Amino acid sequence: MSKRIGIALTIAGSDSSGGAGIQADLKTFSALGVYGASAVTALTAQNTMGVTGVHAAPPEFVGQQIEAVLEDLEVGAVKTGMLANAGIVLVVAAALERRPTLPLIVDPVMVATSGDRLLEPDAVDAYKKCLIPRAALITPNLAEAAALLDEPLAGDLPAAERQARALLAFNCSGVLVKGGHRAAAEAVDVLALADGSIHHIAAAWVETANTHGTGCTLSAAIAALMATGMPLVEAVRGAKRYLTAALASGRDLGVGRGQGPVDHLFDVRRRTRPA
């Protein structure tokens, strides 16, 4: 009998410097023992200092990539990252609407860590109306949560909880508002579920400048763990532990001259290399 392996699909943009996007997602899938497939939504020219160019794929071709993967591979979970424009959002939503039982993690990528915009303004409504209602979980950071709600940035934990609950009104099953951009002794994310429960997902604050790709990495880790059959809350906690370790290991990684990446393959790096 052939060995079965968890399979996760990332639908996202390419980061030419390798720290975020498709590259970060596939590294994360591999690090967590899951086979990774991908559908590329856009090419970016970027490095650890910023984004200098974006070339979005034709929406129809994004749909072709998704269909090619899903008609052949037994995908256990899907995550979306940079979707660039409304046309791509709509094509992705349509493709996944035909697979209603497939867990979907939506990382509503709007702005890169460097501050460069990665989503056209007209795509926000498409996210709200067509993609977010299909999601098992959306994973906005503080700025993205505020933008989706057209509200000021949450300044404390109660405000983040309120915004997480408010985002459930878009009819998704869960919301994870990431609090890692707010300096404190702990990095606390707020997980709000459609059943009314609130969970605080906390980890020790990691002091590091190398945070490029953290959002992609966390949502990819959640998708990877769910692709193995792990329940949502457990997957979120496991993904948070993985990201915290990757941040800690990445403090001294020395990749690039700007805001460097986390160390996705920290555990692999500890192993003895083949002779």
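These figures come from a predicted structure and were not determined experimentally.

(A) Focus on the pattern of salt bridges. Under the counting rule described, the total for this entry stands at nine salt bridges. Of the charged contacts in the structure, one is a salt bridge between Glu74 and Arg4, with a shortest N-O distance of 2.3 Å. One end of the pair, Glu74, is in the loop between helix 2 (59-70) and strand 4 (77-80); the other, Arg4, is in the segment before strand 1 (7-15), with 70 residues separating them in the sequence. Neither residue differs from the other here; Glu74 and Arg4 are each classed as exposed. Ionic pairing is found between Asp267 and Arg270, a salt bridge with its closest N-O pair at 3.6 Å. Remark: Arg270 and Asp267 occur in helix 9 (residues 266-270); sequence separation between them is three residues, near one turn of the helix. Here Arg270 falls in the exposed class, since its relative accessible area comes to 61%. Salt bridges sharing common partners tie together Glu67, Arg98 and Arg99.

(B) Spatial organisation of the pairing of strand 2 (residues 35-47). Note that strand 1 and strand 2 share eight bridges and pair parallel. When the sheet's bridge partners are listed, Ala8 is paired in strand 2 with Gly36. Taking the sense of rotation as the criterion, the β-α-β connection linking strand 1, helix 1 (residues 21-31) and strand 2 turns out right-handed. Relative to strand 3 (residues 50-56), strand 2 runs antiparallel, the two being bridged by six bridges. By the bridge assignment, Leu43 is partnered in strand 3 with His55.

(C) Main features of helix 8 (residues 232-250). The end-to-end C-alpha separation of helix 8 is 26 Å, in line with the 27 Å expected for 19 residues at 1.5 Å each. Leu232, Ala235, Val236, Gly238, Ala239, Lys240, Tyr242, Leu243, Thr244, Ala246, Leu247 and Gly250 are the residues of helix 8 that are buried.

(D) Main features of helix 5 (residues 142-149). Across the eight residues of helix 5, six count as buried, placing the element largely inside the fold. What helix 5 keeps buried is the set Leu142, Glu144, Ala145, Ala146, Leu148 and Leu149. Among the structural elements, helix 4 (123-131), helix 6 (157-167) and strand 7 (174-177) are those in contact with the buried residues of helix 5. Here helix 5 starts with a cap whose side-chain oxygen sits 3.1 Å from the backbone nitrogen of Ala143, and that cap is Asn141.

(E) The nonpolar core, seen in detail. With 55 residues, the main nonpolar core has Leu9, Ile11, Ile66, Val92, Leu131 and Leu167 as its most contacted residues. Element by element, the count of residues in this core is highest for helix 3 (residues 86-97), at seven residues. Apart from residues no more than four positions distant in its own chain, Leu9 is found in contact with Phe29, Ala37, Ser38, Ala39, Ile66, Val69, Leu70, Val75, Ala77, Val78 and Lys79. By size, the runner-up hydrophobic cluster in this structure holds 30 residues, among which are Leu193, Val206, Val236 and Leu247.

(F) The state of the cysteines, seen in detail. Evaluation of the coordinates by the stated rule reveals zero disulfides. Left without a disulfide partner, Cys130 is nearest to the cysteine sulfur of Cys172, which lies 14 Å away. Residue classification places Cys130 among the partly exposed positions, given a relative accessible area of 31%. Counting only cysteine sulfurs, Cys172 is the nearest neighbor of Cys216, a cysteine outside any disulfide, at a range of 19 Å. The class of Cys216 is buried, set by a relative accessible area of 14%.

Rules and cut-offs
Residues numbered from 1 in each chain as written. Predicted model: local features only at pLDDT ≥ 70, side-chain atom pairs only at ≥ 80, totals over all residues. Heavy atoms only, no water. Salt bridge = Lys/Arg side-chain N within 4 Å of Asp/Glu carboxyl O. Helix = DSSP H or I, 4+ residues; strand = E, 2+ residues; numbered from the N terminus. Buried < 20%, exposed > 50% of the residue type's maximum accessible area, 1.4 Å probe, protein only. Pairing = 2+ DSSP bridges. Right-handed = clockwise from strand over helix to strand, strands pointing away. Expected span 1.5 Å × (residues − 1). Contact = heavy atoms within 4.5 Å. Polar contact = N/O pair within 3.5 Å; in protein donor to acceptor, adjacent residues only side chain to side chain. Core = buried A, V, L, I, M, F, W, Y, C linked by side-chain atoms within 4.5 Å. Disulfide = S-S within 2.5 Å.

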